[in-house]
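The residues making up each chain are set out below.
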Amino acid sequence: MALSSAFSLLFLLLCCPLLCNAFPFFPLNETSNRRPHGGAHNYADALTKSILFFEGQRSGKLPSSQRISWRGDSGLSDGAEMHVDLVGGYYDAGDNVKFGFPMAFTTTMLSWSVLEFGGVMKHELSNAKEAVKWATDYLLKATSLPDTIFVQVGDAAKDHACWERPEDMDTPRNVFKIDKNSPGTEVAAETAAALAAASLVFRKSDPIYSKLLVRRAIRVFEFADKHRGSYSDALRQYVCPYYCDYSGYQDELLWGAAWLHKATRNPAYLSYIQTNGHILGADESDNSFCWDNKHAGARILLSKAFLIQSIQPLHEYKIHSDSYICSVLPKSPVSNAQFTKGGLLFKMNDANLQYVTSTSFLLVTYAKYLSSSQQVAQCGGSIFTPKMIRAFAKKQVDYILGDNPMQMSYMVGYGSKYPQRIHHRGSSLPSMTVHPSKLQCSFGFGLLNSESPNPNVLMGAVVGGPDQNDRFPDQRSDYEHSEPSTYINAPFVGTLAYLAHSFGQI
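Every value quoted in this text rests on a predicted model; they were computed, and no experiment measured them. (Residues numbered from 1 in each chain as written. Predicted model: local features only at pLDDT ≥ 70, side-chain atom pairs only at ≥ 80, totals over all residues. Heavy atoms only, no water.)

A. Structural view of the state of the cysteines. This model, assessed by the stated rule, comprises three disulfides. Disulfide pairing places Cys162 opposite Cys441 at an S-S distance of 1.9 Å. Measuring the twist about the S-S bond at about -95°, one finds the Cys162-Cys441 disulfide to be left-handed. With Cys162 in the loop between helix 6 (156–159) and strand 3 (175–179) and Cys441 in the loop between helix 17 (425–428) and helix 18 (445–448), this pair connects stretches of sequence that are 279 residues apart. Under the relative-accessibility criterion, Cys441 is labelled partly exposed at 22%. Here Cys240 engages in a disulfide with Cys244; their sulfurs sit 1.9 Å apart. The exposure classification of Cys240 matches that of Cys244, with both residues buried. Once the disulfide-bonded cysteines of the chain are ranked by sequence position, their pairing pattern turns out to be 1-6, 2-3, 4-5. Not part of a disulfide, Cys290 finds its nearest cysteine sulfur in Cys244, a span of 13 Å. (Disulfide = S-S within 2.5 Å. Helix = DSSP H or I, 4+ residues; strand = E, 2+ residues; numbered from the N terminus. Buried < 20%, exposed > 50% of the residue type's maximum accessible area, 1.4 Å probe, protein only.)

B. How the structure looks around the packing of aromatic side chains. The final tally for this structure, using the stated rule, is 24 aromatic pairs. Ring geometry for Trp112 against Trp259: centres 5.6 Å apart, planes inclined by 90°, an arrangement best described as edge-to-face. Of this pair, Trp112 sits in helix 4 (residues 100–117) while Trp259 sits in helix 11 (residues 250–264); the two residues are 147 residues apart in sequence, bridging distant segments of the chain. The two residues Trp112 and Trp259 agree in class, both being buried. Following the ring pairs from residue to residue traces out a cluster consisting of Phe105, Trp112, Phe117, Trp255, Trp259, Phe289, Phe361 and Tyr498. (Phe/Tyr/Trp six-rings, centres within 6.5 Å; stacked < 30°, edge-to-face > 60°.)

So far we have only geometry, and geometry alone does not tell us how the molecule works.
If you want it as structure tokens, here you go:
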């Protein structure tokens, strides 16, 4: 691009945001954003958009069914450096790197959402399953070699030195791997969990694919357990500080074993859990659940085996799950959770909504298990019924969708007021349709700090969210609050499906 034309384009984008927004990727239906009768949010609309978001995060060759039309093909030579095919998968957030650790967790949570609530998703079930398969197709490629997993494509430091569309990406597409000599137990065990969970998603609709997934999950878990070590040690300069493993790999081993037990029904995994559960942190009091820490998720998942399937050796996981629930609910006598004045669960300033969506999912899921087994959560001298647990989860979801001091939806494209300047390269730069010629690496930084709305609406993206004072500045450079990610959305899919069905919207 000539320098003069580059400045002309920059001026146009900064001064004429309305022109940029004349190219929406998805027609906004005003009625779909309105609340249905009864005062509930339009959870069905939010569900549709939460799944659609994943199409905006796709890497690779896009299919003809692609609905987010401002995105194009990208990363078509990924893996070539190591003579492997690593085309596909998801960009985790607003940059153009494929991080295997959060991608695997995203896949596990999307799969769990489908497994628990896919039966009420109606027409969105096929879209949710397609979102899962886009990830698992990639994870199968990343685990194609024995005792090796390709865990990252792209050098994050160099990628972050550019602000460019994924379609223009010219930063190094370095490939990073773990193997027997440089282990990464947490990534391997999470990948095994993702493959195992997804195998259940496709067990009836595509049994051949399901068997492929579960066989790979078994092999990958064996590798994770046999060759122990943190990928944060082996690949520190490339994965830190972005996705360092802070909680250790024990939680992923318990989590992975839980999913393999569920997917295979092999008693060897039950024995593994019984023998190693305490060592792997089954009874730890940490109430975080995120891409790094799976303890709470593993407890809830294993509680189902006791509550619903009456697997008595796992009875302690009902106690562990109650402890988790009691630590989160604000009216529990043993709660240690913190909340904003507006009522939002608050764990940390950076991407706090990831904890809110994941916690809400665990709450509605555990409430489902309790209801099915006619049980309640025991919190010291207090009890919490499934109805009470669901009510708290609903309040967290409603906060995200607009019932908050800012009166803003933190899901892009939902409601009448939502973030306009999200921290996302593809969304913030003119699309290939509008500007087909290449935009250079540093060109986009002029837009990064502008006040213009993003020209491309990343429908359904849930951003990091407000600060501890319920404030949200809506600044593109403020990645802690304005950046969306796949692992914020993935658990939200299941929770929204539950609420949409509960309120008769689907």
